[in-house]
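Commentary on secondary and tertiary structure
Here is what each chain is made of, one letter per residue.
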Amino acid sequence: MWFEPEGATWTYADRRLIPARLGSLALPALVLIAGATVLGLLVGGWAWTPLVVVVIGVAWTAYVLVRQVGAHAWSEREDDLIVKRGRLFKTVTVVPYGRMQYVEVQAGPIARSLGIARVQLHTASPGTDASLSGVPTDEAARLRDRLTSQGEAKLAGL
């Protein structure tokens, strides 16, 4: 298949990314559910419909978030890094090491408490979206150092 490069060994996002993503969904979901509940209590009858719609929407969004985490993976090859994501709309990004300008590791408070980080690759092309979410923090540091050294080595050969 076009989205499964030959010989690629995939490393999948850590499952601890799921509670981090669901945590970011929780506050807006609670606000919407509270608002729809108040509307239902004040008006009654048909006004409970928005609550049902909001609950179904939140449940669907939570399901999609869990599935997205399971589809996010990367593979380090000799000359490039491959990032794949998506179940319905699949995306595969191939980043040659020689095109990398710098590698950034990010972790907000929730991610730090869960021991995960996000590795962002910056390339010469502004359209390249190569980020690795749900990387364990020690692996993120190793990956940053390895990708940086690979980028310098491949760039030196140009």
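Okay, so let's go over this structure. These numbers were taken from a predicted model, which means no experiment stands behind them. (Residues numbered from 1 in each chain as written. Predicted model: local features only at pLDDT ≥ 70, side-chain atom pairs only at ≥ 80, totals over all residues. Heavy atoms only, no water.)

Within the chain, the regular secondary structure consists of 4 helices and 7 strands. Its C-alpha radius of gyration of 20 Å places the chain more than 25% over the 15 Å reference for a compact globule of 158 residues. With respect to the principal axes defined by its C-alpha atoms, the chain has extents near 70 × 35 × 25 Å. Counting every position in the chain, which comprises 158 residues, the buried fraction comes to 34%. Counted over contacts in the chain with a minimum sequence separation of 6, partners at least 24 positions apart contribute 50%. Surface accessibility of the chain: about 9,300 Å² in total, with carbon and sulfur atoms responsible for 63%. A gap of 8 Å separates the mean positions of the 16 positive and 13 negative side-chain charges of the chain. (Helix = DSSP H or I, 4+ residues; strand = E, 2+ residues; numbered from the N terminus. Rg over C-alpha atoms; globule rule 2.2 N^0.38 Å. Buried < 20%, exposed > 50% of the residue type's maximum accessible area, 1.4 Å probe, protein only. Contact = heavy atoms within 4.5 Å. Areas by Shrake-Rupley, 256 points an atom, 1.4 Å probe, with all protein chains shown as cover. Lys, Arg positive; Asp, Glu negative; His and termini not counted. Charge placed at Lys NZ, Arg CZ, Asp CG, Glu CD.)

Moving on: a nonpolar patch on the surface. Taken together, the side chains of Val-38, Leu-39, Leu-42, Val-43 and Trp-46 define a hydrophobic patch exposed on the protein surface, amounting to about 550 Å² of accessible area. Structurally, the position occupied by Val-38 is in helix α1 (residues 17-43). (Patch = residues over 30% accessible without salt bridge, like charges linked within 9 Å, V, L, I, M, F, W, Y side chains within 5 Å. Salt bridge = Lys/Arg side-chain N within 4 Å of Asp/Glu carboxyl O.)

Strand order in the open sheet made by the 3 strands is β5-β6-β7, with antiparallel pairing throughout. Each edge of the open sheet carries a strand with a single partner, namely β5 (100-106) and β7 (130-136). Across this sheet, the average inter-strand angle for adjacent strands is 20°, counted without regard to direction. Of the pairings in the sheet, the one linking strand β6 (residues 116-123) to β7 comprises 5 bridges and is antiparallel in character. Across the sheet, Ala-117 pairs through a bridge with Val-135, a residue of β7. (Pairing = 2+ DSSP bridges. Axes fitted to C-alpha atoms, helices over the stretch in contact; angles between N-to-C directions.)

On to the environment of Ala-36. Tracing the backbone shows Ala-36 in helix α1. With relative accessibility at 6%, the residue Ala-36 sits in the buried group. The spatial distance from the C-alpha of Ala-36 to the C-alpha of Leu-88 is 30 Å, given a sequence separation of 52 residues. Residues contacting Ala-36, with those up to four places away along its chain left out, are Ala-47, Pro-50, Leu-51 and Val-54.

It is worth spelling out the packing of α1 against helix α2 (residues 49-71) at this point. It is the contact of α1 with α2, at a shortest axis distance of 9 Å, that shows an interaxial angle of 175°. Our classification of the angle between α1 and α2 gives roughly antiparallel. Residues Leu-17, Ile-18, Arg-21, Leu-22, Leu-25, Ala-29, Leu-32, Ile-33, Ala-36, Thr-37 and Leu-39 of α1 form the contact with α2, whose own contacting residues are Pro-50, Leu-51, Val-54, Val-55, Val-58, Thr-61, Ala-62, Leu-65, Val-66, Gln-68 and Val-69. Tallied by class, residues from the contact of α1 with α2 come to 18 nonpolar, 3 polar and 1 charged. (Parallel < 35°, antiparallel > 145°, perpendicular 65-115°, else oblique. Nonpolar A, V, L, I, M, F, W, Y, C, P; charged D, E, K, R; others polar.)

Overall, the coordinates contain 1 aromatic pair when judged by the stated rule. Ring centres of Trp-60 and Tyr-63 lie 5.5 Å apart, and the angle between their planes is 35°; on these two criteria the pair is classed as tilted. With Trp-60 and Tyr-63 both in helix α2 and 3 residues apart, this pair spans about one turn of that helix. The ring of Trp-10 has Lys-84 lying over it, and the distance from NZ or CZ to the ring centre is 4.5 Å. (Phe/Tyr/Trp six-rings, centres within 6.5 Å; stacked < 30°, edge-to-face > 60°. Lys NZ or Arg CZ within 6 Å of the ring centre and 35° of its normal.)

With respect to the helices and strands, Val-69 occurs in helix α2. A relative accessible area of 1% means that Val-69 is categorised as buried. Sequence separation between Val-69 and Ser-125 is 56 residues, and the spatial gap between their C-alpha atoms is 26 Å. Contact partners of Val-69, with chain neighbours within four places excluded, come to Ala-13, Asp-14, Leu-17, Ile-18 and Arg-21.

Before going further, it helps to examine the pattern of salt bridges. For the coordinates displayed, the defined rule picks out 6 salt bridges. A single salt-bridge network, built from bridges that share partners, covers Glu-76, Glu-139, Arg-142 and Arg-146.

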